[in-house]
Amino acid sequence: MAPIIYKLIDGEFFRELCRSYSKEIGVDIWAKIDWRNITGKDRTFIYDSLPAKKSNQSEAEFEAEFVERKADLDRLRKLPNIFVKDGFGKFRSREKRR
């Protein structure tokens with residue numbers, strides 16, 4: 001029996017990495033990820049949080065960001081072998097996000 005490999009992904013870090021590369025090459029990498037190639041038969045845990053409202057953010061901007069992130073996490077939850085562990089982010093001006 002082959003061992004099961006567990007992969008742990010920091011959702012915010014991975015998303016920022018995709019944004020950075022996307023700017024460089026002009027393609028939205030996050031939208032094009034084939035998660036089946038990442039997970040295979042292994043178990044992948046994604047740790048992420050729903051965004052917190054920033055003081056300089058309008059209610060409409062916050063709502064759009066929140067809905068987009070929630071949709072991303074819900075889409076990932078539906079994939080086989082992916083487990084999403086989420087929570088709510090806190091925003092503190094001194095510490096940035098938490």
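Our subject is the structure listed above.
Novice: I'd like a description of the pattern of salt bridges, backed by residues and values.
Specialist: Applying the stated criterion across every chain, the model contains ten salt bridges. Of the charged contacts, one joins lysine 7 and aspartate 42 as a salt bridge, the two residues approaching to 3.3 Å between their closest N and O atoms. Of this pair, lysine 7 sits in strand 1 (residues 6-10) while aspartate 42 sits in the loop between helix 3 (35-39) and strand 2 (43-50), placing them 35 residues apart in sequence. Lysine 7 gets classed as partly exposed once you look at its relative accessible area, which sits at 26%. With a closest N to O distance of 3.4 Å, glutamate 65 and lysine 54 form a salt bridge. Residue glutamate 65 is located in helix 4 (residues 59-77), and its partner lysine 54 is located in the loop between strand 2 and helix 4; the two are separated by eleven residues in the primary sequence. Of the two residues, glutamate 65 and lysine 54, neither departs from the other in class, the shared state being buried.

Novice: Let's hear about a nonpolar patch on the surface: which residues, and what values?
Specialist: Together, Phe13, Leu17 and Tyr21 give the surface a local cluster of nonpolar side chains, amounting to about 310 Å² of exposed area. By the secondary structure assignment, leucine 17 is in helix 1 (residues 11-25). For leucine 17, a relative accessible area of 33% translates into the label partly exposed.

Novice: A description of the packing of aromatic side chains should follow, citing residues and the corresponding values.
Specialist: Two aromatic rings, taken as a pair, are described by how far apart their centres are and by the angle between their planes. Using the criterion set out here, one finds six aromatic pairs in the structure. Through a chain of ring-to-ring contacts, the aromatic side chains of Tyr6, Phe45 and Phe83 assemble into a single cluster. Sitting above the plane of the tryptophan 30 ring, arginine 15 keeps its charged end 4.9 Å from the centroid.

Novice: For the environment of leucine 79, give the residues involved together with the corresponding values.
Specialist: Within the secondary structure, leucine 79 sits in the loop between helix 4 and strand 3 (82-88). Its relative accessible area of 27% is what places leucine 79 among the partly exposed residues. Counting along the chain gives 43 residues from leucine 79 to arginine 36, while the straight-line C-alpha distance between them is 8.1 Å.

Novice: With reference to specific residues and values, describe helix 4.
Specialist: Look at helix 4: 27 Å from first C-alpha to last across 19 residues, which is about the 27 Å you get at 1.5 Å a residue. Considered for burial, the residues of helix 4 that qualify are Phe62, Glu65, Phe66, Arg69, Asp72, Leu73 and Leu76. Down the axis of helix 4, the buried set is contained in an arc of 130 degrees. They therefore lie on one face. Away from its buried face, by an angle of more than 90 degrees, helix 4 presents the exposed residues Glu59, Ala60 and Glu68.

Rules used throughout
- What you see as residue numbers is a count from 1 along each chain, following the sequence as written.
- In keeping with the model being predicted, local features are shown solely for residues with a pLDDT of at least 70 and side-chain atom pairs are shown and tallied solely at 80 or more, while totals for entire chains, interfaces and linings include all residues.
- In computing side-chain properties, one takes all heavy atoms of the structure into account and sets aside hydrogens as well as water.
- Any carboxyl oxygen of Asp or Glu within 4 Å of a side-chain nitrogen of Lys or Arg constitutes a salt bridge here.
- Per the convention used, a helix needs a DSSP run of H or I reaching at least four residues, while a strand needs a run of E reaching at least two, with both numbered from the N terminus.
- Exposure classes here rest on a 1.4 Å probe applied to the protein chains alone. A residue is buried below 20% of its type maximum, exposed above 50%, and partly exposed in between.
- To count toward a patch, a residue needs a relative accessible area over 30% and no salt bridge; like charges are then connected within 9 Å, while nonpolar side chains (Val, Leu, Ile, Met, Phe, Trp, Tyr) are connected within 5 Å.
- Only the protein chains shown count as cover for residues, and the accessible areas themselves come from Shrake-Rupley with a 1.4 Å probe.
- What counts as a ring pair is set by centres within 6.5 Å for rings of Phe, Tyr and Trp (its six-membered ring), and what kind of pair is set by the plane angle: stacked under 30 degrees, edge-to-face over 60, tilted for all other angles.
- Cation placement over rings: the criterion is NZ of Lys or CZ of Arg within 6 Å of the ring centroid and within 35° of the ring normal.
- By this rule, a helix spans an expected 1.5 Å times one less than how many residues it contains.
- It is the directions from the helix axis to the C-beta atoms whose arc is reported.

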